[in-house]
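Architecture and fold: a report
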Amino acid sequence: MGKNEDSDKIVINVGGIRHETYRSTLKTLPGTRLSWLTEPDAFSNFDYDPKTDEFFFDRHPSVFAYVLNYYRTGKLHCPADVCGPLYEEELAFWGIDETDVEACCWMNYRQHRDAEEALDSFETPEPTEEEEDGDLKRLCLQEDGRKLSWWKKCQPKVWALFEDPYSSKAARVMYPHSFVTY
């Protein structure tokens, strides 16, 4: 290997794992943090160790492997064993647009956001006049003088649905196998 080829290599240590690639590879996505490593002033702007001749980032090393692979292949895949918010945070740190995630991985990547949006869509129902009078029903819905949220009211029923197959008809539908006798 010639001297010219060696100078084109760059070592990036992410979370203690060394990754080696070419500067030309990092230039494939201009305007991102890794592309900035190829600029002449990168040694002063980033955590660079001249003894080991490597840049250091205290980030998630296995997620970085997917990021670096994106520079190499042009395809951004999402690891199945990493939660969406972590991957989203790493993409933002490295300056990569989340819309570049491949279609095959998009559902896995968006799963956490879709769940959050679904939970946010639940609105607390408006209290009826019946609940506003000072009867026992209203008192049971209060905790420390405050009205309980919709989730606090329904949480025991939802837990019973999943934990006790005999708690309701809905639970028996979900767990028909629990009624099979051997």
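Here the structure is a predicted model, which means the values were calculated and not measured.

Examining the overall build of the protein chain
- From N to C terminus, the protein chain includes 11 helices and six strands.
- Looking at the 182 residues of the protein chain, the share that counts as buried comes to 27%.
- A separation threshold of at least 6 residues defines the contact pool for the protein chain, and within that pool the share at least 24 residues apart is 45%.
- Surface summary for the protein chain: the accessible area is close to 12400 Å², and the carbon and sulfur share equals 54%.

Quick look at helix α7 (residues 103-121)
- Here α7 contains 19 residues, and its C-alpha end-to-end distance of 26 Å stays within 8% of the 27 Å for a straight helix at 1.5 Å per residue.
- If you look at α7, its biggest bend is around 45°, right at Gln111.
- Of all the positions in α7, only Cys105, Tyr109, Arg110, His112 and Arg113 are classed as buried.
- On its buried face, α7 is in contact with α6 (84-94).

Side note on the sheet that holds strand β2 (residues 17-22)
- In spatial order, the strands read β2-β1-β4-β3; together these four strands make up an open sheet with mixed pairing. Each edge of the open sheet is held by one strand with a lone partner, namely β2 and β3 (48-49).
- As judged from the two bridges shared by β3 and strand β4 (residues 54-57), these two strands associate in the antiparallel manner. Bridging across to β4, Asp49 finds its partner in Glu54.
- This element, helix α5 (residues 61-73), spans β1 (9-14) and β2 of the sheet and lies at about 5° to β2.

A look at the pattern of salt bridges
- Under the counting rule described, the total for this entry stands at four salt bridges.
- Here Lys9 ties to Glu20 by a salt bridge, and the two come within 3.6 Å at their closest N and O atoms. Within this pair, whereas Lys9 is found in strand β1, its partner Glu20 is found in strand β2, the two being separated by 11 residues in sequence.
- According to the relative accessible area criterion, Glu20 is partly exposed, its value standing at 46%.

A word on the confidence of the model for the protein chain
- Within the protein chain, residue pLDDT values average 79, and 70% of them lie at 70 or more.
- This stretch, residues 1-5, has a pLDDT under 50; its non-local contacts, to residues over four places away or in other chains, come to three contacts.

Quick word on the side chain of His19
- Looking at where His19 falls in the secondary structure, it is placed in strand β2.
- You can call His19 buried: its relative accessible area is 12%.
- With sequence-adjacent residues up to four places away left out, His19 is seen in contact with Ile10, Val11, Ile12, Val14, Pro61, Phe64, Ala65 and Leu68.

What to know about the packing of α6 against α7
- At a closest axis distance of 8 Å, the pairing of α6 and α7 adopts a crossing angle of 110°. Of the possible angle classes, the one that applies to α6 and α7 is roughly perpendicular. The interaxial crossing formed by α6 with α7 has left-handed handedness. Of the residues in α7, those in contact with Gly84, Pro85, Tyr87, Glu88 and Leu91 of α6 are Tyr109, His112 and Arg113.
- Here the residues of the contact of α6 with α7 sort into four nonpolar, two polar and two charged.

Quick notes on the environment of Ser35
- Examined against the element boundaries, Ser35 turns out to sit in helix α3 (residues 33-36).
- Assessed through its relative accessible area of 6%, Ser35 is described here as buried.
- Through-space distance from the C-alpha of Ser35 to that of Tyr71 is 9.6 Å; in sequence the pair is 36 residues apart.
- Apart from the residues within four sequence positions on either side, Ser35 is in contact with Leu26, Leu29, Pro30 and Tyr71.
- At 3.5 Å, the side chain of Ser35 and the backbone oxygen of Leu29 are in polar contact.

How each quantity is defined
- Residues numbered from 1 in each chain as written.
- Predicted model: local features only at pLDDT ≥ 70, side-chain atom pairs only at ≥ 80, totals over all residues.
- Heavy atoms only, no water.
- Helix = DSSP H or I, 4+ residues; strand = E, 2+ residues; numbered from the N terminus.
- Buried < 20%, exposed > 50% of the residue type's maximum accessible area, 1.4 Å probe, protein only.
- Contact = heavy atoms within 4.5 Å.
- Areas by Shrake-Rupley, 256 points an atom, 1.4 Å probe, with all protein chains shown as cover.
- Expected span 1.5 Å × (residues − 1).
- Bend = angle between axes of the 7 residues up to and from the residue.
- Pairing = 2+ DSSP bridges.
- Axes fitted to C-alpha atoms, helices over the stretch in contact; angles between N-to-C directions.
- Salt bridge = Lys/Arg side-chain N within 4 Å of Asp/Glu carboxyl O.
- pLDDT = per-residue confidence, 0-100.
- Parallel < 35°, antiparallel > 145°, perpendicular 65-115°, else oblique.
- Left-handed = near helix turned anticlockwise from the far one by under 90°.
- Nonpolar A, V, L, I, M, F, W, Y, C, P; charged D, E, K, R; others polar.
- Polar contact = N/O pair within 3.5 Å; in protein donor to acceptor, adjacent residues only side chain to side chain.

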